[in-house]
Amino acid sequence: MAPSSTPAGATHAPFGRVLTAMVTPFTPDGEVDLTAAQRLATHLVDNGNDGLVISGTTGESPTTSDAEKEALIRAVVEAVGDRAAVIAGTGTNDTRHTIELSEQAEKAGAHGLLVVTPYYNKPPQEGLLAHFRAVADSTGLPVMLYDIPGRTATALATSTLIRLAEHDRIVAVKDAKGEIAGTTEVLARTDLAYYSGADEWNLALLALGAAGVVSVVSHVASRDYADMVRAVDAGDLASARSIDRRLVPAFQAIMTRTQGAIMAKAALEVLGVLPSRAVRPPLVPATEEQIGRLREDLQEAGLTS
């Protein structure tokens with residue numbers, strides 16, 4: 001795994017500083033396009049990413065098979081080597097299946113695991129403790145917890161995060177909950193590295209001491225987010241705010257008008273990085289009207305000429 005970059009004043013970053021929650025490219029007929037995935041991974045790393053999350057929700061993990069997930073990890077690791085940390089999304093709402101996917105990811109060469117809170121079955125906090133500990137015990141890989149109650153209907157309580165931090169391999173949190181008081185308490189009481197898991201919170205969480213971002217907008221703005229991280233590290237909040245505000249149109253285009261994976265793929269097609277914006281049902285590809293507005297937004301954000 002690529003070593004984390006931790007300049008003076010920065011928080012320990014076990015998975016890097018700028019991570020993209022990478023889309024999974026599909027061919028127009030719906031097959032996983034491993035060649036396009038390798039090109040995309042290389043493009044992202046060449047443009048400022050030191051970490052990639054494979055088979056997260058933005059990677060359409062609900063509609064890819066276990067075999068496809070394994071093939072994606074192998075392809076991306078082959079493409080980027082040790083230039084970036086490759087984090088495999090392995091979380092499900094079944095502890096046994098999550099362990100199986102985690103063991104598979106380790107064998108495929110992943111450098112770490114992203115494990116989301118079990119969704120739909122709404123386990124109690126004691127169930128979450130048992131789930132995450134069992135997954136962390138199942139491999140030798142470091143684990144990033146994914147706290148996103150807007151999708152899972154269950155939040156990781158502050159007290160639960162503090163207890164989970166006692167596990168040697170639970171080292172980070174992807175925070176898409178947006179509870180600043182709880183985040184601050186966990187940062188004060190544990191060594192967990194926090195990563196912003198919602199692009200609208202990137203600057204706020206970095207200012208609190210987050211290690212970095214796990215971003216969707218970084219598909220098109222990873223260099224900008226790398227600049228933002230450096231500005232915060234240097235105490236230059238004016239520059240960081242300027243970057244954050246300039247990227248507002250890109251955030252709105254990708255994250256607010258329909259599902260993020262749909263518009264991230266559309267943006268990559270517009271920029272010539274992906275050959276197809278195809279998604280798998282129940283998602284639907286961006287419309288030509290959405291593409292037209294997307295082009296305007298990317299230009300306003302300074303991401304196209």
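Only a predicted model underlies this, so the values are computations on that prediction, with no experimental measurement involved.

## Regarding the side chain of Thr139
Next up, step 1: Along the chain, Thr139 falls in the loop between helix 4 (125-138) and strand 5 (143-147).
Next up, step 2: A polar atom in the side chain of Thr139 sits 3.0 Å from the backbone nitrogen of Leu141.
Next up, step 3: Contact partners of Thr139, with chain neighbours within four places excluded, come to Ser102, Glu103, Glu106, Leu113 and Arg169.

## Focus: the side chain of Arg17
Next up, step 1: With respect to the secondary-structure elements, Arg17 resides in the segment before strand 1 (18-21).
Next up, step 2: In this structure Arg17 comes out as buried when scored by relative accessible area, which is 7%.
Next up, step 3: At 2.5 Å, the side chain of Arg17 and the backbone oxygen of Ala211 are in polar contact.

## Remarks on the UniProt feature "site: Part of a proton relay during catalysis" (unreviewed entry) in the protein
Next up, step 1: Taking the numbering used here, the UniProt-annotated feature "site: Part of a proton relay during catalysis" (unreviewed entry) corresponds to Thr57 and Tyr120.
Next up, step 2: Take Thr57: it is sitting in the loop between strand 2 (51-54) and helix 2 (66-80).
Next up, step 3: In this structure Thr57 comes out as partly exposed when scored by relative accessible area, which is 26%.
Next up, step 4: Along the polypeptide, Tyr120 turns up in the loop between strand 4 (112-116) and helix 4.
Next up, step 5: Overall, the relative accessible area of 76% leaves Tyr120 in the exposed class.

## With respect to the pairing of strand 3 (residues 85-89)
Next up, step 1: The buried count for strand 3 comes to five of five residues, which makes it a mostly enclosed element.
Next up, step 2: Judged by which residues are buried, strand 3 turns out to be covered on both faces: Ala85, Ile87 and Gly89 on one side and Val86 and Ala88 on the other are all buried.
Next up, step 3: Here four bridges tie strand 2 to strand 3, and the two strands are oriented parallel to one another. Residue pairing across strands places Gly51 opposite Ala85, the latter belonging to strand 3.
Next up, step 4: Of the crossover connections in this fold, the one passing from strand 2 over helix 2 to the parallel strand 3 is right-handed.
Next up, step 5: Here strand 3 pairs with strand 4 via three bridges, running parallel. Considered in strand 4, the bridge of Gly89 is made with Leu114.
Next up, step 6: Viewed along the sheet, the connection from strand 3 through helix 3 (residues 95-108) into strand 4 turns out right-handed.

## Structural notes on helix 3
Next up, step 1: Spanning 14 residues, helix 3 covers 20 Å between terminal C-alpha atoms, matching the ideal 20 Å at 1.5 Å per step.
Next up, step 2: Looking only at helix 3, the buried set comprises Thr98, Leu101, Ser102, Gln104, Ala105 and Ala108. Seen from one end, helix 3 has its buried residues packed into an arc of 165°, which puts them on one side. Of the residues in helix 3, the exposed ones pointing more than 90 degrees away from the buried face are Arg96 and Lys107.
Next up, step 3: As for helix 3, its buried residues are in contact with helix 2, strand 3, strand 4 and helix 4.
Next up, step 4: The N-cap residue of helix 3 is Asp94: its side-chain oxygen and the backbone nitrogen of Arg96 are 3.0 Å apart.
Next up, step 5: The positive-phi residue at the C-terminal boundary of helix 3 is Gly109, with phi of around 105°.

Rules and cut-offs
Residues numbered from 1 in each chain as written. Predicted model: local features only at pLDDT ≥ 70, side-chain atom pairs only at ≥ 80, totals over all residues. Heavy atoms only, no water. Helix = DSSP H or I, 4+ residues; strand = E, 2+ residues; numbered from the N terminus. Polar contact = N/O pair within 3.5 Å; in protein donor to acceptor, adjacent residues only side chain to side chain. Contact = heavy atoms within 4.5 Å. Buried < 20%, exposed > 50% of the residue type's maximum accessible area, 1.4 Å probe, protein only. UniProt positions renumbered as here; feature names shortened; annotations may be inferred. Pairing = 2+ DSSP bridges. Right-handed = clockwise from strand over helix to strand, strands pointing away. Expected span 1.5 Å × (residues − 1). Arc of directions from axis to C-beta.

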